[in-house]
Each structure stands twice: as structure tokens, then as C-alpha cells.
Amino acid sequence: MNSTSQTISQATVKTTCPYCGVGCGVLAEQNGQGHWSVRGDPEHPANFGRLCSKGAALAETIDLPHRLTEPQVRQTDGQLAAVSWDLALNTIAAGFRAAIDEFGPESVGIYVSGQILTEDYYVANKLMKGFIGAANIDTNSRLCMSSAVAAYNRAFGSDTVPVSYEDLENADLVVLVGSNTAYAHPVIFQRLVAAKERRPEMKFVVIDPRRTATCDIADLHLPLAPGADALLFNGLLVALADADKINQAFLADSVDGFEETLATARTDAPDIDTLAQRCGLKKSDLEQFFNWFIATERTVSLWSQGMNQSATGTDKGNALINCHLATGRIGKPAMGPFSITGQPNAMGGREVGGLANQLAAHQGFTPEAIDRVSRFWGSDRVAQKPGLKAVDLFAAAGSGKIKALWIIATNPVFSLPDSHAVRAALATCPLVVLSECVDNTDTAAFADVLLPATTWGERNGTVTNSERRITRQLPFIRPPAQARHDWWVVCEVAKRLSFDDGFNFPNTAAIFREYAAMTGFENNGSRDLDLSAFATFSDAEYDALPPTRWPQPANQQAKEPFADGRFFTPNRRARMIAVRAQGPTSALTPTYPLRLNNGRLRDQWHGMSRTGAVPKLLNHASEPTVSVHPQDAARFRLRGHQIARIGNANGTALARVHLDDNQRPGSLFMPMHWSQAFSQHGLVNALTDAQTDPVSGQPEFKTQAVWAEPYPAKWYGFALISQRLTVPSLAQFSGGYAVLIPGDGVVRIELAGIDAPEDWLGWAKRQLGTLDARNTVPQGFEQGETAHWIEFADPANGRFRIAQIHAGQLDWVLHITADSRAVDTQWLAGLFRETELSTLQLADVMAGKPAGAQTDVGPIICACFSIGRNTLLDAMAEHPIPDVKTLGACTQAGTNCGSCIPELKALLAHSALVATP
Ligand code: SF4
């Protein structure tokens with residue numbers, strides 16, 4: 001798919017996907033008509049040409065809706081008004097200066113994001129820690145992997161990821177912990193699937209309370225009790241010791257803390273029966289896992305948010321790393337503990353110092369590091385101690401300690417725990433600045449200064465992926481109107497704060513050179529991060545930088561970290577950390593009897609501001625759902641496709657019930673993606689506590705105790721609204737369930753409510769708009785032409801159908817029923833394209849179904865080709881289909897990005913079961 005945005009280059013441009021931490025290389029290509037398309041870069045070592053469904057749809061996001069195009073400042077009447085860049089920048093500088101002068105540098109803060117580029121990160125960190133003089137800059141990466149950072153630092157004395165994607169493929173055993181890789185890092189999953197096809201003897205263990213799509217490659221799935229990760233790995237350490245698999249030579253040469261760590265682990269795991277019972281696992285499964293780990297030297301353990309997003313996430317990470325240190329399975333090919341990052345540049349942020357507890361370039365707040373950084377930056381104001389981590393930063397804004405807060409490229413109202421408290425904090429904070437590319441995020445409503453930022457396709461810089469590989473992100477279209485790069489805005493504010501000398505960068509190449517020089521400054525092998533080979537790059541060399549893993553020291557051969565058994569602690573030995581396993585912070589009680597987990601979907605990214613603009617990416621899952629095991633559904637009277645209300649003391653959420661026996665009984669799962677821009681009450685973080693890990697500051701997102709009950713809806717329905725009309729705000733439906741689902745030319749709003757109006761036609765006119773609300777008169781129509789309405793009413797059965805028609809075209813359609821059913825609206829959406837509806841078509845609209853033989857394709861499984869479940873089942877009924885490849889040959893499903901292959905396999909397996917007498 002493609003776009004016609006204003007072009008700055010005719011050539012193919014090599015860039016990087018802006019979504020997950022896999023960091024896939026992307027080729028953006030323009031055809032003769034000026035349309036842009038994307039495909040995977042076959043030469044990029046992260047993906048070798050592959051893209052998942054999100055990456056493959058990137059060209060469809062070039063013309064983003066709701067784009068911010070000019071700076072805005074809130075006026076005395078409370079409204080935002082467009083202003084010049086000069087005024088906006090002066091407003092920010094004046095607000096920061098006033099707070100610093102009156103309350104000190106600790107009274108201001110910057111909150112950045114794993115979405116921004118390393119060069120943006122570098123100057124933001126330099127401004128806050130180097131020149132304002134406090135360390136109150138933190139990043140939303142705090143929410144996804146700061147526990148892994150803390151665990152690495154405790155074990156290695158450095159934040160070094162010691163594994164590559166190639167190691168993963170070459171391992172004989174891959175242990176995936178708390179990671180639905182198939183959805184969250186799809187191209188890594190595809191690489192693992194391909195590796196298993198090449199070497200069928202390769203083994204996979206998936207450790208996750210849910211049976212996720214990643215279990216498609218599992219030789220063993222351990223449905224671990226929520227939060228029991230440290231317990232499991234303490235048990236594994238004991239099993240390794242009892243099997244005499246401890247690498248004594250490696251311990252003697254390279255590791256401290258083994259005896260104490262093992263003794264502590266034995267306290268947690270006295271015997272295998274107790275361990276199995278506490279982990280909620282079958283003893284035989286546990287033994288199988290331990291035996292494979294004991295027997296397999298080439299083992300990679302990959303972990304993600306399922307371990308990190310915990311109030312004991314750091315301990316969990318160390319419990320896992322302990323097993324690799326004890327066996328010496330680190331620093332060698334095809335083995336090691338691998339924390340895979342969520343965001344495209346979480347790693348770049350970690351590297352420059354975007355976390356509040358790191359100073360800069362992998363240096364902490366030791367007196368030596370502060371002195372070194374002060375001399376390098378030529379500043380005597382460098383922060384002397386760590387700053388406020390994400391949750392604490394916003395709490396400080398709420399308590400009045402933070403007077404000015406600048407948020408860059410992130411949506412904390414959506415992504416931080418306890419969203420009610422975050423809203424209150426932003427409403428309290430005297431100055432909230434937001435740099436964003438779109439104007440409809442949940443956080444935008446709280447901005448006093450709203451700055452239009454450039455975004456993917458326009459920005460120029462570098463990102464680092466999960467395997468420490470730096471890749472260029474290059475621009476190929478011009479930013480719209482007055483959108484500006486984040487690095488430029490930060491430097492302009494710095495100059496207005498009188499820090500001119502440190503921020504006179506002409507371009508990102510100059511920033512990158514300074515950053516690379518900093519990593520090598522007085523390093524001499526004492527720090528892991530060293531990019532000094534790039535410090536003398538010309539602009540042309542920077543532009544041509546191929547994807548490269550660090551370290552890259554100047555005048556030296558790059559060495560793989562830890563290959564020599566030396567680490568970055570003061571005595572150069574790794575540390576095993578004794579940890580006691582602890583359960584989730586949120587206690588189950590009779591009032592809150594269920595655990596709520598949350599995570600990613602296959603086709604969406606974060607708050608959906610980009611992926612939500614692509615209709616086909618909403619086909620796979622278009623509404624917030626809550627997955628419920630059938631046993632729990634029966635216990636709490638929840639029925640499939642009805643709406644559930646989930647709640648606790650923090651708040652409530654509404655979500656469509658999805659019955660799913662892949663859920664662990666007692667646990668619910670909701671996708672994390674629904675912000676208020678898309679769903680009135682689908683926000684998971686309305687429920688999560690702001691409980692954090694005491695070491696890493698990462699919140700516990702995944703084990704919230706909640707109750708669940710049926711939402712007592714009296715009516716259900718949907719509205720389809722032509723995009724010729726002003727789409728109503730979801731806030732108009734705040735009393736009930738309302739979800740916005742953008743489509744091609746038509747927006748769908750799924751609705752349900754408790755109070756039914758007396759007069760549905762009047763309600764519909766008020767809620768959905770009349771001709772007066774039209775923002776443009778379609779071509780060929782007369783100004784002032786009136787609309788008319790057709791209506792079907794069956795009050796006895798609670799059925800109402802109303803349509804507004806203008807000049808023969810549908811403006812909107814509302815269908816209301818008394819019960820909740822999945823309805824195919826594709827045919828109805830198609831009628832919005834008709835320029836003169838026939839009498840027969842109008843009759844179909846009122847009948848609620850097409851008279852002709854339209855096919856219901858069912859829920860979409862293959863997003864690339866919009867192929868639904870029913871189409872696939874029909875193909876299976878018609879042909880003997882033994883495998884996914886044959887299914888792809890018959891239907892095209894799964895033949896592009898491959899993200900849907902686990903679901904295709906599940907469908908084939910299910911249909912084989914059904915067919916077996
Ligand atoms: Fe982008 Fe998908 Fe690759 Fe992640 S796996 S970087 S989302 S294409």
C-alpha cells in the first residue's frame with residue numbers, strides 16, 4: 001500500500017521499522033506515480049527481508065490522521081491556540097527557567113520515549129543532567145525493560161546484552177520466558193521457526209501463564225503461576241547443582257557469589273514436589289525442563305515483559321542470569337541470557353543515559369563518572385545523583401514538587417499504571433509540554449504547550465535494536481507544515497536557557513559524533529559501551545553507516561563482551577545475586593479473586609496512534625477484549641461476546657468477553673492497546689497499581705487483582721458513519737461501552753448501554769450528527785440539501801435500525817439489538833460507497849442483512865490479505881489441506897508477513913480434531 005506525501009527523494013531509501021525492538025531494516029520505495037511502498041530490507045541482518053504485519057503496513061501510515069502541524073499554547077481562556085515556534089519555545093524556556101530559579105533544578109523534569117532516536121535522546125539527557133543539573137529525565141522504557149537493565153548491571157557491572165539473533169538461531173535449547181514472541185517480536189519468531197525447520201532437533205520451552213501463539217513452536221509449555229519466575233529459576237539452579245552441572249572453572253575464574261546464591265535458592269526450592277506445587281506446574285513438566293537445561297550447553301534464555309513488569313522483576317532477571325553464570329553459558333556463541341526490548345530504540349535510550357539512574361553513555365553516578373562527564377561536556381552543573389524514575393516523576397508532578405514537565409513522544413496517561421493518578425498529576429502540574437506528532441493522544445488534553453514533532457519517514461538519526469545493532473533511520477518525505485525534529489527543539493530550548501555552547505549542533509551527524517566520542521572518552525576498555533570508531537565520521541559516513549553491533553572502539557578490534565570471562569564490575573568478575581522469590585504485590589481476596597494480565601496484540605502497537613490508522617490492522621482485533629477461561633466465565637457469569645466489567649479499587653474497564661481455554665484458570669488477559677482515543681473504557685491502566693520494583697522502578701503491570709462481572713447492558717449496537725461527516729467524540733458515549741474502529745471511508749462505533757433512550761431517532765440525530773454537522777459538502781451535492789431518515793422499529797424485541805441519507809448517499813447507519821451478537825458489517829460499509837442507493841439496498845439496510853448472496857468471511861486472521869476464518873474453513877472443507885503452506889497456496893493466507901501462521905496452524909489443528917470421529 002502506498003502514499004503520495006511530499007517527497008524529498010526519488011530513490012529507494014534504507015531505513016528502520018519504528019515499532020518493536022527487533023529493529024527490522026525497511027526499504028521505502030517510490031514508484032513512477034509518486035506512491036511510496038515498503039518492503040523488508042533483504043540485506044539487513046535483523047530481518048533479512050522479513051517484515052511482520054505492522055511493518056508491512058508502514059506505507060499506509062505515512063499520511064497519519066490527526067497530525068499536529070503547528071505549535072500551540074494554552075491561553076488564559078483554557079483553550080489551545082496556534083502560535084509561532086518562537087513563542088512556543090520562549091514559553092517553555094520561561095517556564096523552566098522560572099521553576100529552576102525559584103525551586104531549583106529538581107523542580108523540572110523531562111519524560112522521553114523508546115520511540116525517539118538516539119540523537120534526540122542524547123541532547124535531552126545532556127540538557128537535563130548536564131546543564132539544568134538534575135537527573136529528572138526518565139523514559140517510557142522504564143515501563144518495559146528497566147528490570148532487565150538493573151539485573152544486568154547487578155550481575156555484570158554493565159548494561160550489556162550478551163546475545164545476538166544469530167546466537168538464538170544457533171542455540172540447541174531456547175527458553176522463552178514471559179514473552180509472546182509471536183506477537184511482540186514477530187520477525188524473531190519467524191527466524192526461530194525457520195531455524196527449527198532447518199534443525200528439527202532444536203528445542204523450545206515456553207514459560208508463560210497463558211498458552212500463547214508462541215507455544216506454536218514449543219516442545220514444552222510451562223503454564224507457570226503468575227509471578228513465580230524467580231522461584232522457578234532458583235529451582236533450576238538447585239537442579240543444576242544437584243546434577244553436578246556447575247562450571248567450577250568458570251566460577252573460580254570469573255564469578256562471585258555462587259555459594260550464598262545456591263544456599264538461598266535451596267531455601268526457596270527444598271524439593272521438586274514443593275517447587276512444582278508452588279509454581280503451579282506438573283512435576284513431570286518441571287523435570288523435563290530441568291533435564292533439558294542441564295543437558296544442553298548451547299542454551300539461550302530469552303525474556304521480556306512477563307518477567308520485567310513486576311515489582312520483583314530485577315530479582316527474576318538475576319535468578320535467570322544466575323543459571324547462565326553458574327554453568328558458564330555466557331559470552332560464547334549460541335548461549336546466554338537475552339532480554340529482548342519492546343521499543344525500537346529502548347536500547348539507544350539506555351546507551352545515552354535516558355534512564356534517570358544512569359548518568360550518560362553507560363556511566364552511573366560515581367564521583368569519577370560525574371567528574372569525567374563534567375569535563376567532557378564542559379559543564380560544572382552536572383547532576384550529582386540519580387533523578388526520579390517514571391512513576392515517581394509523575395507522582396512528584398501530582399504532589400507539586402515538579403513544576404514543569406516536558407513529555408516527548410509518549411502518552412503517559414495511557415501507558416503508566418494508575419492512569420487516574422497520572423491525569424490528576426498532569427492537571428496539577430503548572431507547565432506540561434508535549435512533543436507529539438498527533439493531537440489526539442490521551443495526554444494531549446493536558447498539554448499547556450503542544451509541539452508538532454516529526455515522525456517516521458521524516459526523521460534522521462540512529463536506533464539500536466535488541467542485539468546492540470545500530471541502524472540508521474533515514475527520511476524520505478518532508479515533514480508537514482511546521483513539524484520539527486525533537487533534537488532541534490531540545491537544542492533551541494537549551495539555547496534559550498543560556499546553554500548555547502553545548503547545543504550548537506548543525507545536524508544529527510554532529511550529535512552522533514559527540515556521543516560516539518563520549519563513549520570512548522577515558523574508556524580504555526573499562527566500559528562496555530564504546531563507539532569511538534564513529535567519533536570522526538564525516539556526515540557522508542554517518543549517512544552510509546551500515547547496521548553495526550557495538551562495541552566499536554577506535555583503533556582496536558571489536559570483541560564480543562564477556563568472551564574473555566571479564567566483566568565490568570570493579571574486580572572484573574560477574575556477580576551471582578541471591579534472591580528470595582516473592583509473589584505478586586496485589587493480593588487475591590474474595591473481593592478481588594482474579595489476576596488481570598495484559599500485553600500486546602499481533603497487529604497493534606502501543607496506543608494505536610499509528611497502527612490504528614490502518615483499517616486492515618484492526619481486522620484481527622478491533623475492540624478491547626478480556627480473555628477468560630471457560631471455568632472462570634461460568635463462575636462469574638460471563639458469556640462469550642458479551643461485555644464484561646472488570647474492576648478494583650483503582651477503577652473499572654469494559655471489554656468484550658473472549659472465551660479462551662488457553663488462559664490459565666483464575667487469570668484474565670486484556671490487550672494493552674486501547675487508549676481513550678479508541679475506547680471509552682478499554683484502558684487497562686485504569687486498573688493497575690503504581691507498585692514498582694525497588695531496584696529498577698519498573699511497575700508491576702501483569703498480576704493485578706480484580707473482580708469481573710457481566711456489564712448489565714440493556715442494548716447493544718453499532719453505528720457506521722461516513723468519514724464525510726465529523727466523527728463524534730467517544731466522550732459523547734461516556735455512560736456506556738463505546739469503541740471507535742476506523743475503516744476505509746467509514747468509521748464504526750461499537751456501542752452498548754444500560755439506559756436505553758425513549759426515542760432512538762432523536763438519540764441518533766443528537767449523537768451521530770445531522771447534515772448541519774457535515775464539514776464538507778460532497779462534490780456534486782448542493783449546499784443546503786437536506787437529509788432524511790429511514791427507520792425500522794421493533795420495540796417489543798428491542799430492535800431498531802435507523803439510517804440518515806443525504807442526496808442518495810448514506811451518512812450513517814445505527815443498528816440496535818437487545819442482545820450481543822457478532823455482526824458482519826462489511827457489506828453495509830460497502831453501501832457507503834454507493835452514490836445513489838437503490839430501493840432494494842435501502843431495504844437491505846433496514847432488514848439488517850443483504851438480500852443477495854454476500855459471503856461472511858468471518859473474523860480476519862490474515863491481515864495482509866484480509867482473509868477471514870470462514871474463508872479458511874471453507875477452503876479446508878473443499879480441499880485436503882495438510883499444512884500451512886498448502887493453506888497459503890489455496891487462499892494466500894500467511895504468504896506475506898507470516899504473522900498469522902500460528903493461528904493458521906491452530907485452525908488446521910482444530911479442524912482436524914473436529915473432523916476426527
Ligand atoms: Fe517492525 Fe515487525 Fe520487525 Fe518489529 S518485527 S521491527 S514491528 S517489522
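Remember, predicted model here, so these are calculated numbers, not experimental data.

## Side note on the overall build of the chain
When helices and strands are counted, the chain shows 29 helices and 34 strands. Computed over C-alpha atoms, the radius of gyration of the chain comes to 28 Å, within 12% of the 29 Å expected from 2.2 N^0.38 for 917 residues, which places it in the range of a compact globule. Taken over the C-alpha atoms alone, the chain extends approximately 85 × 70 × 55 Å along its principal axes. A buried classification covers 63% of the 917 residues belonging to the chain. Of the roughly 32,700 Å² of accessible surface on the chain, a fraction of 50% belongs to carbon and sulfur atoms. Between the averaged position of the 79 positive side-chain charges in the chain and that of its 93 negative side-chain charges there is a distance of 3 Å.

## A short note on the site of the ligand
The ligand sits among Cys-17, Tyr-19, Cys-20, Val-22, Gly-23, Cys-24, Leu-51, Cys-52, Lys-54, Gly-55, Pro-186 and Val-187. For the shell around the ligand, the secondary structure elements donating two or more residues are α1 (53-56) and α7 (186-198). When grouped by side-chain class, the residues that make up the shell around the ligand number nine nonpolar, two polar and one charged.

## Looking at the side chain of Thr-891
Secondary-structure assignment places Thr-891 in helix α28 (residues 884-891). Note on Thr-891: relative accessible area 14%, which makes it buried. A polar contact is formed between the side chain of Thr-891 and the backbone nitrogen of Ala-893, at a distance of 3.2 Å. Residues in contact with Thr-891, not counting those within four places in the same chain, are Ile-867, Leu-872 and Ala-875.

## Structural notes on the nonpolar core
A general feature of soluble globular proteins is that nonpolar side chains tend to end up buried together. Membership of the largest hydrophobic core comes to 107 residues, with the highest contact counts inside it found for Phe-156, Ile-207, Leu-232, Phe-233, Phe-289, Phe-290 and Leu-325. When residues in this core are grouped by element, the largest group, ten residues, is from helix α8 (residues 229-242). Core analysis: the next-biggest nonpolar cluster, separate from the first, contains 68 residues, Ile-137, Ala-383, Leu-451 and Ala-494 among them.

## As for the packing of α8 against helix α14 (residues 313-327)
Between α8 and α14, the least distance of the axes is 7 Å, while the angle of their chain directions is 15 degrees. Considering their axes alone, α8 and α14 lie roughly parallel with respect to each other. Handedness of the crossing formed by α8 with α14: left-handed. Of the residues in α14, those touching α8 at Asp-229, Ala-230, Phe-233, Asn-234, Leu-236, Leu-237 and Leu-240 are Lys-316, Ala-319, Leu-320, Asn-322, Cys-323, Ala-326 and Thr-327. Residue composition of the contact of α8 with α14, by class: nine nonpolar, three polar and two charged.

## As for the environment of Leu-594
Tracing the backbone shows Leu-594 in strand β21 (residues 594-599). Between the C-alpha atom of Leu-594 and that of Val-857, which follows or precedes it by 263 residues, the distance is 35 Å. Setting aside residues no more than four positions away along its own chain, Leu-594 makes contact with Leu-588, Asp-632, Phe-636, Gly-666, Leu-668, Gln-704, Ala-705, Val-706 and Ala-708.

## Topic: the packing of helix α16 (residues 367-377) against helix α21 (residues 508-520)
Taken N-terminus to C-terminus, the directions of α16 and α21 make an angle of 145 degrees; their axes are 11 Å apart at the nearest point. For the element pair α16 and α21, the recorded crossing hand is right-handed. Taken together, the residues of α21 that come into contact with α16 (itself represented by Val-373, Phe-376 and Trp-377) are Glu-514, Ala-517 and Met-518. A per-class count over the contact of α16 with α21 returns five nonpolar, no polar and one charged.

## Quick word on helix α24 (residues 760-768)
Most of α24 is tucked away, with seven of its nine residues classed as buried. Among the residues of α24, Trp-760, Leu-761, Gly-762, Trp-763, Ala-764, Gln-767 and Leu-768 are the ones counted as buried. Along its buried surface, α24 packs onto β27 (715-722), β29 (746-753), β30 (787-794), β31 (799-806) and β32 (809-817). Two or three places before Leu-761, at the opening of α24, Asp-759 has a side-chain oxygen 3.2 Å from that residue's backbone nitrogen.

## Some remarks on the packing of aromatic side chains
A full pass over the atoms with the stated rule returns 29 aromatic pairs. Ring centres of Phe-534 and Phe-537 lie 5.0 Å apart, and the angle between their planes is 45 degrees; on these two criteria the pair is classed as tilted. Here Phe-534 and Phe-537 have matching classes, each one buried. Their ring planes at 75 degrees and their centres at 5.2 Å tell us that Trp-760 and Trp-763 sit as a pair that is edge-to-face. On the criterion of helical spacing, the pair formed by Trp-760 and Trp-763 is a turn pair, its members being three residues apart in helix α24. Given the relative accessible area of 12%, Trp-763 is considered buried. Site record: aromatic cluster; members linked through ring pairs are Tyr-122, Trp-377, Phe-512, Tyr-515, Phe-534, Phe-537 and Tyr-542. For the cation-ring pair, Arg-210 lies above Phe-669, with the distance from its terminal atom to the ring centre recorded as 3.5 Å.

## Focus: the confidence of the model for the chain
Across the chain, the average pLDDT comes to 92, with 96% of residues at 70 or higher. Note on residues 1-6: pLDDT is under 50 here. Beyond four places in sequence and across chains, it has 24 contacts. The low-confidence segment residues 771-781, where pLDDT is below 50, has 23 contacts with residues more than four positions distant or belonging to other chains.

## Notes on the pattern of salt bridges
Enumeration over the complete set of coordinates arrives at 46 salt bridges. With its nearest N and O atoms 3.7 Å apart, the salt bridge here joins Arg-298 to Asp-172. In this pair, Arg-298 is assigned in the loop between α12 (283-295) and β12 (299-303) and Asp-172 in the loop between α5 (165-170) and β8 (173-177), connecting sequence segments 126 residues apart. On the accessibility criterion, Arg-298 (33% relative accessible area) is partly exposed.

Definitions and cut-offs
- Residues numbered from 1 in each chain as written.
- Predicted model: local features only at pLDDT ≥ 70, side-chain atom pairs only at ≥ 80, totals over all residues.
- Heavy atoms only, no water.
- Helix = DSSP H or I, 4+ residues; strand = E, 2+ residues; numbered from the N terminus.
- Rg over C-alpha atoms; globule rule 2.2 N^0.38 Å.
- Buried < 20%, exposed > 50% of the residue type's maximum accessible area, 1.4 Å probe, protein only.
- Areas by Shrake-Rupley, 256 points an atom, 1.4 Å probe, with all protein chains shown as cover.
- Lys, Arg positive; Asp, Glu negative; His and termini not counted.
- Charge placed at Lys NZ, Arg CZ, Asp CG, Glu CD.
- Near = heavy atom within 4 Å.
- Nonpolar A, V, L, I, M, F, W, Y, C, P; charged D, E, K, R; others polar.
- Polar contact = N/O pair within 3.5 Å; in protein donor to acceptor, adjacent residues only side chain to side chain.
- Contact = heavy atoms within 4.5 Å.
- Core = buried A, V, L, I, M, F, W, Y, C linked by side-chain atoms within 4.5 Å.
- Axes fitted to C-alpha atoms, helices over the stretch in contact; angles between N-to-C directions.
- Parallel < 35°, antiparallel > 145°, perpendicular 65-115°, else oblique.
- Left-handed = near helix turned anticlockwise from the far one by under 90°.
- Phe/Tyr/Trp six-rings, centres within 6.5 Å; stacked < 30°, edge-to-face > 60°.
- Lys NZ or Arg CZ within 6 Å of the ring centre and 35° of its normal.
- pLDDT = per-residue confidence, 0-100.
- Salt bridge = Lys/Arg side-chain N within 4 Å of Asp/Glu carboxyl O.

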